[in-house]
Amino acid sequence: MGSLARDVRFALRLLAARPGWTLASVLCLAIATAANTSAFSIVNALILRPLPFEEPDRLVMVALQDADRGGPRPFSLAEYRELAPRAQGFVALVARTFLPVGLSLGDAAQMVEAEFVSGNYFDALKVMPAAGRFFRPEVDRPDAPAEAVISHSLWLRRFGGDPSSVGRIARVNGRPVAIVGVAPIGFVGATRLVAADIWIPAARYALTAGSEDAARVPIFGAMGRLAPRVTREEARSRLDAAAAAVWPASGAKRPPATIVHPATGFGVPPALRQTVGGGSALIFGLMALLMAVAAANVAALVLARTSGRRLEIGMRLALGARRSRIAAQMLAESALIAIAGAAAGWVLASWVTRVVAATSGTPFDYVVYAVDIRPDVRTFVYTAAAALVTTVVVALAPVWHAGRIDLIEVLRKSASGGRATGGSRTLGALVVAQIAASTALLVGCGVLVRAYADAQNIGGGFDTRHLVVGSIDMAQAGATIDHGRRLFDELTTRVAAVPGVSAVGLARSMPVGRSKPTVRISPIDTPSQPSTVGWDVVTAECFRALAVSVVQGRGFAAREPVRPLVAVVNEAMARRLRPEGPPLGARFRIDNPASETLEVIGVVRDAATAGEEPQPVFYRPFSQMYLPQMTVIVRTADDGVPVDAVRRAIQASSADLVVQGLRTLDEQIDVAVAPRRRSAAAVAILSLVGLVLSCLGLYGVVSYGVGQRAREFGIRLALGARAADVRWMVLRQGFRMTAAGVLGGLALSVLVTRVLKTFLPGVAGSEPLLVFAVSLVLAGASLAALYVPARGATRVDPASTLRGE
């Protein structure tokens, strides 16, 4: 212990003597540790962490696998009802699925995330209510009284935590439901991906969703709690036997098999297990590689410093020091660097995960992510293990180097003389690879930033400053078709009467980007080929609300006759229907079993979308095609957007009406481009990390090379070489590595751009200007990294070199 304390004190003095070098090493490891710890925190939250319930190791995820289909699938409610009773005694199966609903608690309705669950749901999870009670077994019957359990957060938001709120009557999608209990604080449901606000018996799903055959649709995930002393394999075997009894083999059709997995992470369903696991492994693998590169970089920095300590180490060896003691001291120095880097990385990772959690919003106001990605004890253990491995990796190169020092050569003050060794060539290849990766990341970052800038223009063609939009679903108000039509008419009338509103229209789709659904159509009067186009359903006032002018024919009347079926098309669609002649009167058929034929009565101008070709679109009148879910589009007369007044006018039509996402069009665009913004930010951060690591690696390798060639530089200076010539020799070595890395990175960027285009629609390829800008950034960063070792090469004392000879 005394030797260890002396080694630590000596290492601290050495590190304090070179604060710039120490800061560079710690910063390199801190950045990589932060990225690696953040990635592990995400992987831990998604697939590794036990669920926060009693005896989490007894919880399993269950799915069915049909004999004629490859992947696992959820249960239908009918299948669950058949299998669950036969599973009693070895596994308690629960069923649950999500559905957004309109919830009214006596005032204006709001959209909430509801989880429809079987009656034994809370019992299987072994949780206790904060107030009231949970469901009784009889709620699984379709004729059971309508009950609901609300979340603790909803209880506090809407009732202030009042216990007397239990027993009150709420309305869910226009139907009365009694609140019988409140979930415990922090409970968000068995699936900890999305937080539920209300739990409703699964038997009421079909009535709430308005679907008579909902019980036969496989949309219910199954979870189970194993009975004592029952293993997962035993549970799967007995579930297979129960499934064979419920669905006996008939002909070539075999009964479905069951899949049983541990319930960890956010409660990953078996159908998503491979996808989530593969994505998590990819993230973790990339960050682990980044950590390995950072450790190699610090090893290069330490090796560069060790080459300058050859005389010190040789003198200590000559005075009787054992090589093991010198190795122990170097190990202590590496350990201090690794611990400091890990500690700083842990603090940075805690901040990063908080920022990621705070900015990971969803496009829906009522959806809240419940995944907790903050570092925990498991993450701390992982980071400590990574620091231990980093200590060994960082110490290997200098310990090996110190073990090869020749005492006679060192005492004669004659370095090995040659140029860089094979070890430095290996480090140089590593730096080239890093620069290549940084180049590809920077190009990818530029491509994503440009895609984000283009996406900001997806409202092109509309005056976005004076538009307010929001979504309304009459099905969530329990309205029939006739009632829904009356409510739409009433709310548009009320909104039009709001001061400052100049026009109100309804449309099926949001008026941004290529958000229109598509359908395949076939022209009737022309020999044009069938094609896929966009379509929408709008009211007569919609074009005026959007300020889209009719350039030919007419728009829709407030009450179009039932027949003939008519359509208004945009200019791109008109050119597709009749490239040569006038489009008015053209007819086309929608390729579906109904084979509807529509006649064009008008043409509206195209709406530009981010510099792309306008999408061919046709519009159908709302009076001929009723849809329960529509977007209300409000145009205001000035910049004062009366969002709250519009909301009150809509909800005055019915207390059960929910208006979702009512905001200005500019805000809608921000929500729509958020995924591109987050992708660009993530790649930008990775690019910055890669650039910093590349520069640190370049500095370490070139510094090591300067130490190896100190004798050569001293002789050159003694023979009359100019300092500028020596500096250029060092810079040339670094610029060669930079050039090789940039060329390799540009080739790699082609693959990166192709991957981005595959996964992110709207991403274009790289441009020469972007490539030139990236090359300039890397050249400037390389020059900054090479300045210190280049200046150090000119400070070699020629007289000392000649005396050594």
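This text follows the structure it describes.
Because the structure is predicted, anything quoted here is derived from the model rather than measured. (Residues numbered from 1 in each chain as written. Predicted model: local features only at pLDDT ≥ 70, side-chain atom pairs only at ≥ 80, totals over all residues. Heavy atoms only, no water.)

## A word on the overall build of the chain
- Scanning the chain from terminus to terminus reveals 23 helices and 21 strands.
- Taken over 805 residues, the chain has a buried fraction of 49%.
- If you take every contact in the chain between residues at least 6 apart in sequence, the share linking residues at least 24 apart comes to 80%.
- Split by element, the accessible area of the chain, about 36200 Å² in all, is 61% carbon and sulfur. (Helix = DSSP H or I, 4+ residues; strand = E, 2+ residues; numbered from the N terminus. Buried < 20%, exposed > 50% of the residue type's maximum accessible area, 1.4 Å probe, protein only. Contact = heavy atoms within 4.5 Å. Areas by Shrake-Rupley, 256 points an atom, 1.4 Å probe, with all protein chains shown as cover.)

## Here we look at the environment of F364
- Along the chain, F364 falls in the loop between helix 10 (323–359) and helix 11 (377–403).
- Separated by 296 residues in the primary sequence, F364 and Q660 have C-alpha atoms spaced 7.9 Å apart.

## As for a nonpolar patch on the surface
- Side chains of L348, W351 and V355 sit close together on the surface and give an oily, nonpolar patch of about 260 Å² of accessible area.
- Structurally, the position occupied by W351 is in helix 10. (Patch = residues over 30% accessible without salt bridge, like charges linked within 9 Å, V, L, I, M, F, W, Y side chains within 5 Å. Salt bridge = Lys/Arg side-chain N within 4 Å of Asp/Glu carboxyl O.)

## Points about the packing of helix 1 (residues 2–17) against helix 2 (residues 19–48)
- Direction vectors running N to C along helix 1 and helix 2 enclose 105 degrees, while the axes themselves pass 5 Å from each other. Between helix 1 and helix 2, the angle is such that the two are roughly perpendicular. Mapping the contact onto sequence places L15, A16 and A17 in helix 1 and P19, W21 and T22 in helix 2.
- Here the contact of helix 1 with helix 2 is built from residues that sort into 5 nonpolar, 1 polar and no charged. (Axes fitted to C-alpha atoms, helices over the stretch in contact; angles between N-to-C directions. Parallel < 35°, antiparallel > 145°, perpendicular 65-115°, else oblique. Nonpolar A, V, L, I, M, F, W, Y, C, P; charged D, E, K, R; others polar.)

## As for the nonpolar core
- Residues I337 and F713 are the most contacted members of the largest nonpolar core, which totals 52 residues.
- Where this core is concerned, the elements lending two or more residues are helix 2, helix 8 (270–307), helix 10, helix 13 (422–455), helix 19 (674–708), helix 20 (710–718), helix 21 (723–759) and helix 22 (768–793).
- The greatest single-element share of this core, amounting to 10 residues, is contributed by helix 19.
- Leaving out residues up to four positions away in the same chain, I337 has contacts with L15, W21, S25, V26, L29, V298 and V302.
- Ranked by size, the runner-up nonpolar core spans 47 residues in total, among them A146, A148, I200 and L226. (Core = buried A, V, L, I, M, F, W, Y, C linked by side-chain atoms within 4.5 Å.)

## Considerations on the pairing of strand 3 (residues 110–117)
- Counting buried positions over the 8 residues of strand 3 gives 7, a clear majority of the element.
- Here strand 2 (residues 91–104) pairs with strand 3 via 8 bridges, running antiparallel. Along strand 3, the bridge assignment pairs G102 with M111.
- In terms of strand pairing, strand 3 meets strand 8 (residues 198–201) through 4 bridges, oriented parallel. In the sheet register, F116 faces strand 8, and the bridge partner there is I200. (Pairing = 2+ DSSP bridges.)

## Here we look at the side chain of Q624
- Relative to the assigned elements, Q624 resides in the loop between strand 19 (617–621) and strand 20 (629–636).
- Judged by relative accessible area, which is 15%, Q624 ranks as buried.
- Those residues in contact with Q624 that sit more than four places away from it in its chain are E560, P561, V562, P564, L565 and V566.

## Some words on the pairing of strand 7 (residues 175–182)
- Inspection of the sheet shows strand 4 (residues 131–132) paired to strand 7 by 2 bridges, in the antiparallel sense. Its bridge partner being in strand 7, A131 is matched across the sheet by V182.
- Relative to strand 7, strand 5 (residues 147–150) runs parallel, the two being bridged by 4 bridges. Pairing of V149 across the sheet is with G181, part of strand 7.
- Where strand 6 (residues 169–172) lies against strand 7, 4 bridges are found, and the strand directions are antiparallel.

## Describing the pattern of salt bridges
- Evaluated as defined, the whole model comprises 18 salt bridges.
- Taking the shortest distance from any N to any O, the salt bridge between D376 and R49 comes out at 3.1 Å. Taken as a pair, D376 in the loop between helix 10 and helix 11 and R49 in the loop between helix 2 and strand 1 (59–65) lie far apart in primary sequence, 327 residues in all.
- Its relative accessible area of 22% is what places D376 among the partly exposed residues.
- The shortest N-O distance in the salt bridge between R73 and D66 comes to 2.8 Å. Of the two residues examined, R73 and D66, each falls in the buried class.
- Salt bridges linked by common partners bring E55, K126 and R225 together as one network.

## Looking at the packing of aromatic side chains
- Throughout the structure, instances matching the rule amount to 17 aromatic pairs.
- For the ring pair F543 and Y619, a centre distance of 5.2 Å and an interplane angle of 90 degrees mean the geometry is edge-to-face. Here the residue F543 occupies a position in helix 15 (residues 542–545), and Y619 occupies one in strand 19, the gap between them amounting to 76 residues. Neither residue differs from the other here; F543 and Y619 are each classed as buried. (Phe/Tyr/Trp six-rings, centres within 6.5 Å; stacked < 30°, edge-to-face > 60°.)

## A word on the packing of helix 2 against helix 10
- Interaxial distance between helix 2 and helix 10 falls to 6 Å at its minimum, and their mutual angle equals 45 degrees. The angle between helix 2 and helix 10 places the two elements in the oblique class. By crossing handedness, the relation of helix 2 to helix 10 is classed as right-handed.
- Its residues assigned to classes, the contact of helix 2 with helix 10 comprises 14 nonpolar, 8 polar and 1 charged. (Left-handed = near helix turned anticlockwise from the far one by under 90°.)

## Details of the side chain of T631
- Counting through the fold element by element, T631 comes out in strand 20.
- Relative accessible area serves as the criterion here: at 4%, T631 is assigned to the buried category.

## Some remarks on helix 17 (residues 643–653)
- Looking at helix 17, one finds that the buried residues are V643, V646, A649, I650, Q651 and S653.
- Those residues of helix 17 that are buried lie in contact with strand 11 (467–473), helix 14 (481–496), strand 12 (501–507), strand 20 and strand 21 (659–664).

## Quick look at the environment of L348
- Relative to the helices and strands, L348 is located in helix 10.
- Take L348: its relative accessible area is 33%, and that puts it in the partly exposed class.
- For the pair formed by L348 and A30, sequence separation is 318 residues and the distance between their alpha carbons is 7.8 Å.
- Residues within four places of L348 in sequence aside, it is in contact with A30 and A34.

## Points about helix 5 (residues 152–159)
- For helix 5, the full list of buried residues reads H152, L154, W155 and F159. Buried residues of helix 5, viewed axially, fall in a sector of 160 degrees; they line one side.
- The secondary structure elements touched by the buried residues of helix 5 are strand 2, strand 3, strand 4, strand 5 and strand 7.
- Just past helix 5, the residue G160 takes up positive phi, approximately 65 degrees. (Arc of directions from axis to C-beta.)

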